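Given next are the chains, with one letter for each unit.
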Amino acid sequence: MACVHVHAKFPILMSDPFDLGDIPEEEAARGPSISERAAAGVAAPAPYLENLNDPQREAVEALDGPVLVLAGAGTGKTRVLTTRLAHLLNTRRAWPSQVLAVTFTNKAAREMKQRIGALIGGTVEGMQWLGTFHALGAKILRRHAELAGLRSDFTILDTDDQIRLMKQVIQAADIDEKRWPARQLASLIDGWKNKALGPDQVPKGEGFAFANGKGAELYAAYQERLKTLNAVDFGDLLVENLRIFQEHPEVLEDFQNRFKYILVDEYQDTNVAQYLWLRLLARGHKNICCVGDDDQSIYGWRGAEVDNILKFETDFPGAKVIRLEQNYRSTPHILQAASGLITANQGRLGKTLWTQMNEGEKVTVKGVWDGEEEARAIGEDIEQFQRKDHSLSEIAILVRASFQMREFEDRFINLGLPYRVIGGPRFYERMEIRDANAYFRLVAQPDDDLAFERIINKPKRGLGNVAVQTLHQAARAQGTSMWRAARALIDSEELKPQARRALTTFVESVERWRKLLPALPHTELAEQILDESGYTEMWQNDKTAEAPGRLDNLKELVRSMEQFENMAGYLEHVSLVMDKDDQETDDKINLMTLHAAKGLEFDTVFLPGWEEGLFPHQRALDESGLAGLEEERRLAYVGITRAKKRAKISFAANRRIHNLWQNSLPSRFIDELPEANVEVEQQGDTYSYGPSRFDEGGFAGSDYDSPGWRRARANAGSTSTPPRRAPMIDAQATLIATSAPDAEGFARGERVFHQKFGYGRIESIEGTKLTVAFEKAGTKKVISSFVERT
DNA sequence: CCAGGCTATTTTTTT
DNA sequence: AATAGCCTGG
């Protein structure tokens, strides 16, 4: 073994004897020798430790046993994580290949690799177990695929494939796909997999929730279909791991021995399956370190269990809990505003964030007339900042729902302010990219039925529904894939001559490409496939506005394939990594949802749309009650804590949602902000009214005593109008949510008053929606509860 | 097989 | 309002 230098920069990774994929078990279990470890201790304290504060350093140095690092916003979480890892390697506690480091997103994994590389120098190639839960799950599953009834070249289906497959399963079970949409089943099954429940473990009640009790049955059928397709979905990547670990203890033991140290990022976002996976793997050496912040748990709706982090100490006895509370990001006002808000939540571990920074500006709250004015006001603010040399890329607008973005985009285009939208549809999700990938998949994996079906008639080859159905039946009858069925069919008389000819050409082409697979560089082959299949041509002949963009994307796709060794490598990447990292560095305003903002920071953060119903979102309240409300509040907390210097909250009195004008109340979160850290901003000529707390305080210039306003308040605060559903009340009998009342008592032709549009006459009524011909504003659709009888 | 019209839908999003 | 997915009729 190479001699050991203990410096911050040295080629640790080159000497890892375990770096070579599969290694004998006993060897894997052996760490660096005693003398090596002792030598490490003698060396001068590593320089990277010196820049840490006390708790940070403690978190880095507490290498043994379970550790939970509660890292508040802006307290140097990533730094601790990466430094800890570097320290681990540097002190020779483990070889890089013996450390399991898990993140949620590919972005986080990339970042971690980069930063570790910078710390210890050189490459991080030896860290073969650094990645997302899913990527690591896939890696393990590929090694032991046969134990799960799969071949190691199984396909990983994305959401789209999943839903198409479920559609087939639903149809096969003779269930009305209209009444019981595949989407819904998909999310149910997803939820079950997040909880690590197999088809036989689905709780009775939940299985009943779909297709009159067929839920679990369909789940089982779906799993069966996956197995025949030699495919898994995202959830399976972990669930199958769990199954293997449970059924084959020797395999589990192998991994337990291998992973001497486990590191987990964003632990508050883990779901049950991930938690079980970690717990099993950590049972070996018990050196597991989880980093997270219960106050930033905002993914409950997709299976994350805040409970995991809340009960860490119980799960891992003897766990050390370290709190990182010194914030290096925000000013005291911002920090206190956020802290004050989050104290309204019940289930939390509790942290007290503090900072050494100077006081700074208070958080501002502004009420505006409607969404358009909100965009106008923020646009003006930004122009002001711009004049003071505030860089645009240090400004962010964080919205609750993406439809809010439009108003800002419109406004910015108008003002000529450059902006970028973060998040949104991803590269690999675009239709043309998926189509291209389906071609590649079919070539590389002949039995991939979903890929086959996707492109069999794309471009149109005269193989329509009839032909596809025939193929389906043939495949099912023979118990093979559609590809094999197709090959058999072209030698038979079953298809019409036309279809038969088309299918023959198609099959021959695919076979030709398949032969080229080992011979030709995969990028060249990709180009050839796209050309010869007529796929490129299809878009060239398409005269719609998107066509040129799609062709560009295809070119970009082929270009980006270069970084992979071969087609198989590319396909694995594409199924696990749905994002593409091209980080723009231009000076532009950042526009994104609050969810997308987690982990980011900006000098100035605008937080528009703080209105009841939008934020907290009505649906979160309706569907998850108090838990939903608390998650919304954490989202607000995340939003405020993104700001380094300025946080600017606003709310509108009127907002158009789905073309309906809604009258809105300021968000309850506004009232929960500590008064001392908030400044109410007013625009001189703007009609505005204050949040309830400011009611008495004299919020000048408002006429919130109008009938509409009174009515709106009454509506939100009481159940005087009969609610459609029972109002949600929590244990303290606090009203959480009431659903919108019906349009009871209104009649056509009646004269009404609306706060925004004035007087008008009702033209028609559909449910709670009224079409009203206003005297000044013209005909509009409005919600009945915001209209006052005159 | 395709076009065009109809209807239902519209929180957040990763892998 | 806008859009996407689905069905029906030619």
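All of these numbers come straight from a predicted model, not from anything done at the bench.

Draft legend 1. Layout of the overall build of chain A. When you go through chain A residue by residue, the secondary structure sums to 31 helices and 23 strands. Within chain A, the proportion of its 790 residues that are buried is 54%. Taking all contacts inside chain A whose residues are at least 6 apart in sequence as the whole, residues at least 24 apart take part in 74%. Carbon and sulfur atoms make up 49% of the accessible area of chain A, which totals about 34700 Å².

Draft legend 2. How the structure looks around the protein's contact with DNA strand C. Around DNA strand C sit Lys 167, Lys 178 and Asn 659, and those are all the residues in its vicinity. Sugar plus phosphate, as a fraction of atoms of DNA strand C within 4 Å of the protein: 100%. The separation between a phosphate oxygen of DNA strand C and a polar side-chain atom of Lys 167 is 3.0 Å.

Draft legend 3. Layout of the protein's contact with DNA strand B. DNA strand B sits among 26 residues. The nearest are Arg 400, Ser 402, Arg 426, Gly 464 and Arg 619. The sugar-phosphate portion of DNA strand B accounts for 58% of its atoms within 4 Å of the protein, the bases making up the rest. Asn 106 has a polar backbone atom sitting 2.7 Å from a phosphate oxygen of DNA strand B. Within the side chain of Trp 301, one N or O atom sits 3.2 Å away from a base oxygen of DNA strand B. The greatest single-element share of the surface near DNA strand B, amounting to 3 residues, is contributed by helix α29 (residues 618-641). Its residues assigned to classes, the surface near DNA strand B shows 7 nonpolar, 13 polar and 6 charged.

Draft legend 4. Examining the nonpolar core more closely. With 50 residues, the main nonpolar core has Phe 440, Phe 452, Leu 503, Leu 557 and Tyr 570 as its most contacted residues. The contacts of Leu 557, once residues within four sequence positions are left out, are Phe 427, Tyr 428, Ile 433, Ala 436, Asn 437, Phe 440 and Tyr 570. Counting residues in each nonpolar core, the second largest holds 46 residues, with Trp 129, Leu 242, Tyr 275 and Trp 277 among its members.

Draft legend 5. Inspection of the environment of Phe 259 at higher detail. Topologically, Phe 259 is positioned in the loop between α12 (249-258) and β6 (261-264). Between the C-alpha atoms of Phe 259 and Gly 76, which are 183 residues apart in sequence, the distance is 25 Å. Once residues within four sequence positions are removed from consideration, Phe 259 is found in contact with Gln 98, Val 99, Leu 100, Trp 129, Leu 281 and His 285.

Draft legend 6. Molecular detail of the sheet that holds β6. One open sheet holds the 6 strands; their spatial order is β3-β2-β6-β7-β1-β8, and the pairing between them is parallel. The sheet is open, and its two borders are formed by β3 (130-132) and β8 (320-324), each paired with just one other strand. On average, each strand axis in the sheet is inclined to that of its neighbour by 15°, with strand direction left out of account. Both strand β2 (residues 99-103) and β3 contribute to a ladder of 3 bridges, which runs parallel. Considered in β3, the bridge of Thr 103 is made with Thr 132. Contacts from helix α4 (residues 77-90) reach β1 (67-71), β2, β6, β7 (288-292) and β8, with the element oriented near 165° to β6.

Draft legend 7. Expanded view of the domain arrangement of chain A. According to the domain assignment, chain A consists of domain 1 (47-154 + 230-326), domain 2 (157-228), domain 3 (343-418 + 583-680), domain 4 (428-578) and domain 5 (750-789). A separation of 37 Å is found between the C-alpha centroids of domain 2 and domain 3.

Draft legend 8. Up close: the pattern of salt bridges. Here the structure, examined in full by the defined rule, presents 52 salt bridges. A salt bridge links Glu 266 to Lys 598, with the shortest nitrogen-to-oxygen separation between them at 3.5 Å. A residue pair is termed long-range when its members are at least 10 positions apart, and Glu 266 in the loop between β6 and α13 (272-282) and Lys 598 in the loop between α28 (594-597) and β13 (602-607) qualify at 332 residues. Comparing Glu 266 with Lys 598, the two get one shared label, buried. Notably, a salt bridge pairs Glu 361 with Arg 646, separated by 2.9 Å at the nearest N-O pair.

Draft legend 9. Just helix α19 (residues 431-444), in detail. Compared with an ideal rise of 1.5 Å per residue, which puts 14 residues at 20 Å, α19 spans 20 Å between its outermost C-alpha atoms and is within 8% of the ideal. Judged by how many residues are buried, α19 sits mostly within the fold: 12 of 14 residues are covered. Where α19 is concerned, the buried positions are Glu 432, Ile 433, Arg 434, Asp 435, Ala 436, Asn 437, Ala 438, Tyr 439, Phe 440, Arg 441, Leu 442 and Val 443.

Draft legend 10. Structural detail: the confidence of the model for chain A. On average, residues of chain A score 81 in pLDDT, and 83% of them are at 70 or above. Within chain A, β13 carries the highest mean pLDDT (96), whereas helix α31 (residues 707-717) carries the lowest (35). Counting contacts from residues 20-30, a segment whose pLDDT is below 50, to residues more than four positions away or on other chains yields 21 contacts. Across residues 684-743, confidence stays below pLDDT 50; counting only partners more than four residues off in sequence or on other chains, it has 115 contacts.

Draft legend 11. Up close: the packing of aromatic side chains. One pass over the full model with this rule turns up 22 aromatic pairs. Consider the rings of Phe 255 and Phe 259, whose centres lie 5.9 Å apart with planes at 25°: the pair is stacked. Just as Phe 255 is buried, Phe 259 falls in that class too. Ring pairs connect the aromatic residues Trp 129, Phe 245, Phe 255 and Phe 259, which therefore count as one cluster. Here Lys 139 stacks its cationic end above the ring of Trp 129, 4.9 Å away from the centre of that ring. A cation over a ring is seen here: Lys 311 above Tyr 275, with NZ or CZ 4.1 Å from the ring centre.

Draft legend 12. Spatial organisation of the UniProt feature "binding site: ATP" (unreviewed entry) in chain A. Summarizing the sequence annotation, UniProt attributes the feature "binding site: ATP" (unreviewed entry) to Ala 71, Gly 72, Ala 73, Gly 74, Thr 75, Gly 76, Lys 77 and Thr 78 in the numbering used throughout. Within the fold, Thr 75 resides in the loop between β1 and α4. When its relative accessible area of 1% is taken as the criterion, Thr 75 is described as buried. Dropping the residues within four chain positions of it, Thr 75 is found in contact with Gln 56, Leu 324, Glu 325, Gln 326, Asn 327, Tyr 328 and Leu 353. Structurally, Thr 78 is set in helix α4. Exposure remark for Thr 78: the relative accessible area of 25% places this residue in the partly exposed category. Thr 78 has contacts with Glu 111 and Arg 115, leaving out every residue within four places of it along the chain.

Draft legend 13. Region of interest: the side chain of Asp 449. Of note, Asp 449 is situated in helix α20 (residues 449-455). Despite its burial, Asp 449 pairs with no opposite charge, the nearest such side chain being Arg 225 at 4.5 Å. Those residues within four positions of Asp 449 in sequence are excluded, and the remaining contacts are Arg 225, Leu 229, Ser 481, Met 482 and Trp 483.

Draft legend 14. Inspection of the pairing of strand β10 (residues 395-399) at higher detail. Of all 5 residues in β10, 5 are buried, a share of seventy percent or more. Here β10 shows two buried faces, one formed by Ile 395, Ile 397 and Val 399 and the other by Ala 396 and Leu 398. In the sheet, β10 pairs with β13 via 3 bridges, with the strands oriented parallel. Residue pairing across strands places Ile 395 opposite Thr 604, the latter belonging to β13.

Draft legend 15. Quick look at α13. Counting buried residues along α13, 8 of its 11 residues qualify, which places the element largely inside the surrounding structure. Taken together, the buried positions of α13 are occupied by Ala 273, Gln 274, Tyr 275, Trp 277, Leu 278, Leu 280, Leu 281 and Ala 282. Structurally, the start of α13 carries an N-cap: the backbone nitrogen of Ala 273 is 3.1 Å from a side-chain oxygen of Asn 271.

Draft legend 16. Spotlight on the packing of helix α21 (residues 465-478) against helix α22 (residues 482-489). Direction vectors running N to C along α21 and α22 enclose 105°, while the axes themselves pass 8 Å from each other. For the element pair α21 / α22, the angle class is roughly perpendicular. Together, Val 468, Thr 470, Leu 471, His 472, Ala 474, Ala 475 and Gln 478 of α21 and Met 482, Ala 485, Ala 486, Ala 488 and Leu 489 of α22 make up the contact between the two elements. Partitioned by chemical class, the residues of the contact of α21 with α22 number 9 nonpolar, 3 polar and no charged.

Cut-offs used in this document
Residues numbered from 1 in each chain as written. Chains lettered and ligands numbered in written order. Predicted model: local features only at pLDDT ≥ 70, side-chain atom pairs only at ≥ 80, totals over all residues. Heavy atoms only, no water. Helix = DSSP H or I, 4+ residues; strand = E, 2+ residues; numbered from the N terminus. Buried < 20%, exposed > 50% of the residue type's maximum accessible area, 1.4 Å probe, protein only. Contact = heavy atoms within 4.5 Å. Areas by Shrake-Rupley, 256 points an atom, 1.4 Å probe, with all protein chains shown as cover. Near = heavy atom within 4 Å. Polar contact = N/O pair within 3.5 Å; in protein donor to acceptor, adjacent residues only side chain to side chain. Nonpolar A, V, L, I, M, F, W, Y, C, P; charged D, E, K, R; others polar. Core = buried A, V, L, I, M, F, W, Y, C linked by side-chain atoms within 4.5 Å. Pairing = 2+ DSSP bridges. Axes fitted to C-alpha atoms, helices over the stretch in contact; angles between N-to-C directions. Domains from an automatic or database assignment. Salt bridge = Lys/Arg side-chain N within 4 Å of Asp/Glu carboxyl O. Expected span 1.5 Å × (residues − 1). pLDDT = per-residue confidence, 0-100. Phe/Tyr/Trp six-rings, centres within 6.5 Å; stacked < 30°, edge-to-face > 60°. Lys NZ or Arg CZ within 6 Å of the ring centre and 35° of its normal. UniProt positions renumbered as here; feature names shortened; annotations may be inferred. Lys, Arg positive; Asp, Glu negative; His and termini not counted. Parallel < 35°, antiparallel > 145°, perpendicular 65-115°, else oblique.

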